[in-house]
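Listed here are the chains, written in short residue letters.
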Amino acid sequence: METSNAIAALTALGHATRLAAFRLLVEAGPAGRMAGDIATALRVPPATLSFHLKELVQAGLVESESQGRHVCYRANFDAMNGLIEYLTHNCCAGSPDERCAVSEPACRC
């Protein structure tokens, strides 16, 4: 992951509503969740949620799929794992300390 992509992802996650929506989508796994379900779960008006989901999509952390008049959102696990890998690259200056060992993706969904 390039630094500019990491900055975009971290900026998108830097808002409480967007972070909550992303965590909800990670929890949902590959099936994702419908926009209305996300709005209900987060107690956010649909128009507000739409704005926040758009930011997550633009950052590459979330993907959307139209299903008729509804939209299903899914976490982009490759992007999430890429961000984690970017953040932990050269952790502890390459020390073999177990606390720094990041050998597998955070999620293989």
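Residues numbered from 1 in each chain as written. Predicted model: local features only at pLDDT ≥ 70, side-chain atom pairs only at ≥ 80, totals over all residues. Heavy atoms only, no water.

- Named according to an unreviewed UniProt entry, the protein is ArsR/SmtB family transcription factor originating from Stenotrophomonas geniculata.

**Some remarks on a nonpolar patch on the surface**
Working step 1: On the surface, a cluster of nonpolar side chains totalling about 360 Å² of accessible area is made up of Met1, Leu10, Tyr86 and Leu87.
Working step 2: Among the secondary structure elements, Leu87 is positioned in helix H5 (residues 77–88). (Patch = residues over 30% accessible without salt bridge, like charges linked within 9 Å, V, L, I, M, F, W, Y side chains within 5 Å. Areas by Shrake-Rupley, 256 points an atom, 1.4 Å probe, with all protein chains shown as cover. Salt bridge = Lys/Arg side-chain N within 4 Å of Asp/Glu carboxyl O. Helix = DSSP H or I, 4+ residues; strand = E, 2+ residues; numbered from the N terminus.)

**Observations regarding helix H4 (residues 46–58)**
Working step 1: In this model, H4 (13 residues) spans 18 Å end to end at C-alpha, consistent with the 18 Å of a helix rising 1.5 Å per residue.
Working step 2: Where H4 is buried, its residues touch helix H1 (3–13), helix H2 (16–28), helix H3 (35–42), strand S2 (62–67) and strand S3 (70–75).
Working step 3: Phi for Gly60, located one or two positions after H4, is positive at around 85°. (Expected span 1.5 Å × (residues − 1). Contact = heavy atoms within 4.5 Å.)

**Focus: the side chain of Arg18**
Working step 1: On the secondary structure map, Arg18 appears in helix H2.
Working step 2: Buried Arg18, no salt bridge; nearest opposite-charge side chain is Glu55, N-O distance 5.1 Å.
Working step 3: At 2.8 Å, the side chain of Arg18 forms a polar contact with the backbone oxygen of Ala12.
Working step 4: Setting aside its immediate chain neighbours within four residues, Arg18 contacts Thr11, Ala12, Phe51, His52, Glu55 and Leu56. (Buried < 20%, exposed > 50% of the residue type's maximum accessible area, 1.4 Å probe, protein only. Lys, Arg positive; Asp, Glu negative; His and termini not counted. Polar contact = N/O pair within 3.5 Å; in protein donor to acceptor, adjacent residues only side chain to side chain.)

**Description of the pattern of salt bridges**
Working step 1: A full pass over the atoms with the stated rule returns one salt bridge.
Working step 2: Linking Arg74 and Glu65 is a salt bridge whose minimum nitrogen-to-oxygen distance equals 2.7 Å.
Working step 3: Classification of Glu65 as partly exposed rests on a relative accessible area of 36%.

**Description of H1**
For an α-helix, 3.6 residues make a turn, and residues three or four places apart therefore share a direction.
Working step 1: If you check which residues of H1 are buried, you get Ala6, Ala9, Ala12 and Leu13. Viewed along the axis of H1, the buried residues span an arc of 130°, placing them on a single side of the element. Turned more than 90 degrees away from the buried face of H1 sit Ile7 and Thr11, all of them exposed.
Working step 2: The inward-facing, buried residues of H1 contact H2, H4 and H5. (Arc of directions from axis to C-beta.)

**Describing the nonpolar core**
Working step 1: Counting residues in hydrophobic clusters, the biggest one holds 23 residues, and the most contacted among them are Phe22, Leu25, Ile38, Leu53, Leu56, Leu61 and Val62.
Working step 2: Where this core is concerned, the elements lending two or more residues are H1, H2, H3, H4, S3 and H5.
Working step 3: If we skip the residues at most four places from it in the chain, Leu25 touches Arg33, Ile38, Leu53, Val62, Tyr73, Arg74, Ala75 and Phe77. (Core = buried A, V, L, I, M, F, W, Y, C linked by side-chain atoms within 4.5 Å.)

**Considerations on the pairing of S2**
Working step 1: Two elements, S2 and S3, share six bridges in a ladder whose sense is antiparallel. Pairing of Ser66 across the sheet is with Val71, part of S3.
Working step 2: Between S2 and S3, which pair antiparallel and follow one another directly, the connecting turn spans two residues, one of which, Gly68, has a positive phi of 70°. (Pairing = 2+ DSSP bridges.)

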